[in-house]
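The primary structure of each chain is shown beneath.
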Amino acid sequence: MLKSLIADKLNDFEDYLIASGCSPSSARRYVEKVRQFLDFTRKNTFTRDDVVRFLAYCKKTKSANTVCLIYYALQRFFKYVKREDLLQDIKPPKRPQTAPKYLTVEEVKKLVDHTARPRDRALILMLFATGLRVSEIVSLKIGDVDFKRGVVRVYRHKSELESEIPIADFALLALREAINTYFRQDNDAPLFQNKYGEVLSVRSVQRILQNAAKRAGIKKKVSPHVLRHTYATFLLSKGFNLAEIQELLGHANIKTTRIYSHVVKTELERKYHAVFSSREPEEEKPVTIKVTYCPKCGSK
């Protein structure tokens, strides 16, 4: 009986999170952490002492990032059940600041080269060229892409706002090739779809990247979020400032964007050594030019 009541309460909590603007994947993670708390207490009603004991246990046995996730999951849950007092005077744990993992441009090219399907190539290039979250990328419809203007209309789950962000020509070209192979090509069809014309799942996106990385011999972790970090890192290395990248990534607070400041330091070091280097500059290699077609209008 107790398990049934808890299951019903958690199902309602998940619906509440999604209705409040939380993405389905984030809602599931929060529900799982609350379930761990309820399993720990083993009762339907709980006290502040239960919360303190559970958080202390988590700090001893889990990573700092996991403890942060647990704290904020409990915070949302206690707000939902109108028991905010249970976390009163308990400060949120500090999230450790670690440099984000990212790929080089050469590694992104390897991923694309080791992907056979046009849809998968378009997916990788779209993630790299837009930095979209995986929940945002799978929510896109074909009609959200304006091929003439070179922009995509995106609904930001975290900020609950809709925005337009630019897409590189090479990603648009890959998207055109992918759409030509689809079962459904109408504007309301998913931009990334499975063989039945249905929306591609988040798990499928993750699997596509993992398989491509394995075939390419890339030992680093490769995920949609790593490609998001790659996008931001690449922009910083090309002179974009943090405020511009904040806008493109859809961060509500620029503090979130500051995790990429390590790239600025790396770029400063490179520029410093370039200025003070005593070596003669190397001759530029000849550029190979090939004929291609405009992804916006199709002209040569």
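It should be noted that the structure appears before, not after, this text.
These numbers were taken from a predicted model, which means no experiment stands behind them. (Residues numbered from 1 in each chain as written. Predicted model: local features only at pLDDT ≥ 70, side-chain atom pairs only at ≥ 80, totals over all residues. Heavy atoms only, no water.)

(A) Looking closely at the pairing of strand β2 (residues 151-156). Two elements, strand β1 (residues 145-146) and β2, share two bridges in a ladder whose sense is antiparallel. Across the sheet, the residue bridging to valine 145 is valine 152, located in β2. Remark: four residues form the turn of the hairpin made by β1 and β2, two consecutive strands paired antiparallel; glycine 150 in that turn has positive phi of roughly 75°. Two strands pair when backbone bridges link them, and β2 and strand β3 (residues 161-166) are joined in this way by six bridges, in the antiparallel orientation. Of the residues in β3, the one forming a bridge with valine 151 is proline 166. (Pairing = 2+ DSSP bridges. Helix = DSSP H or I, 4+ residues; strand = E, 2+ residues; numbered from the N terminus.)

(B) Quick look at the environment of leucine 236. Of note, leucine 236 is situated in helix α10 (residues 224-237). Taking the relative accessible area as the measure of exposure, leucine 236 reaches 8% and is therefore buried. Taking the C-alpha atoms as reference, leucine 236 lies 7.8 Å from tyrosine 260; in sequence the two are 24 residues apart. (Buried < 20%, exposed > 50% of the residue type's maximum accessible area, 1.4 Å probe, protein only.)

(C) Main features of the nonpolar core. The biggest cluster of nonpolar side chains holds 45 residues, and the ones touching the most others in it are Met126, Ile137, Leu191 and Phe192. For this core, the secondary structure elements donating two or more residues are α5 (105-113), α6 (118-130), α7 (134-139), β2, α8 (169-179), α9 (202-216) and α10. Considering each element in turn, this core owes the most residues, eight residues, to α6. Formed by 25 residues, the second largest nonpolar core is a distinct cluster that contains Leu10, Tyr30, Val34 and Ala73. (Core = buried A, V, L, I, M, F, W, Y, C linked by side-chain atoms within 4.5 Å.)

(D) Fine view of α6. For α6, spanning 13 residues, the distance from its first C-alpha to its last is 18 Å, which sits close to the expected 18 Å at 1.5 Å a residue. Buried within α6 we find Arg119, Asp120, Ala122, Leu123, Ile124, Leu125, Met126, Leu127, Phe128, Ala129 and Thr130. One or two positions beyond α6, positive phi appears at glycine 131, with a value near 70°. (Expected span 1.5 Å × (residues − 1).)

(E) Region of the structure containing the sheet that holds β2. Across the sheet, three strands lie side by side as β1-β2-β3; this open sheet has antiparallel pairing. The open sheet is flanked by β1 and β3, the only strands paired with a single partner.

(F) Geometry of unusual backbone geometry. Positive phi outside glycine occurs at lysine 82, with the angle close to 60°. As for its placement among the helices and strands, lysine 82 is situated in the loop between α4 (64-80) and α5. Residue aspartate 89 is not a glycine yet carries a positive backbone phi of 70°. The topology assignment puts aspartate 89 in the loop between α4 and α5.

(G) Fine view of helix α11 (residues 242-249). Where α11 is concerned, the buried positions are Leu242, Ile245, Gln246, Leu248 and Leu249. Each buried residue of α11 lies within a common arc of 165° when the element is viewed along its axis, so the set occupies one face. The inward-facing, buried residues of α11 abut α6, β2, β3, α10 and α12 (254-257). Sitting at the amino-terminal end of α11 is asparagine 241, which places a side-chain oxygen 3.1 Å from the backbone nitrogen of alanine 243. (Arc of directions from axis to C-beta. Contact = heavy atoms within 4.5 Å. Polar contact = N/O pair within 3.5 Å; in protein donor to acceptor, adjacent residues only side chain to side chain.)

(H) Quick peek at the pattern of salt bridges. Per the counting criterion, the structure on display carries 10 salt bridges. The salt bridge involving glutamate 32 is made with arginine 35; its shortest N-O contact spans 3.3 Å. Taken together, the residues glutamate 32 and arginine 35, both in helix α2 (residues 24-41) and three residues apart, mark about one turn of the helix. In this structure arginine 35 comes out as partly exposed when scored by relative accessible area, which is 32%. Two residues, arginine 149 and aspartate 146, come together in a salt bridge whose shortest N-O distance is 3.9 Å. (Salt bridge = Lys/Arg side-chain N within 4 Å of Asp/Glu carboxyl O.)

(I) Fine view of the packing of α6 against α8. As a packed pair, α6 and α8 sit with axes 8 Å apart at the nearest point and diverge in direction by 155°. Considering their axes alone, α6 and α8 lie roughly antiparallel with respect to each other. For the pair α6 and α8, the crossing hand works out as left-handed. Contacts from Pro118, Arg119, Ala122, Leu125, Met126, Phe128 and Ala129 in α6 reach Phe170, Ala171, Ala174, Leu175, Glu177 and Ala178 in α8. (Axes fitted to C-alpha atoms, helices over the stretch in contact; angles between N-to-C directions. Parallel < 35°, antiparallel > 145°, perpendicular 65-115°, else oblique. Left-handed = near helix turned anticlockwise from the far one by under 90°.)

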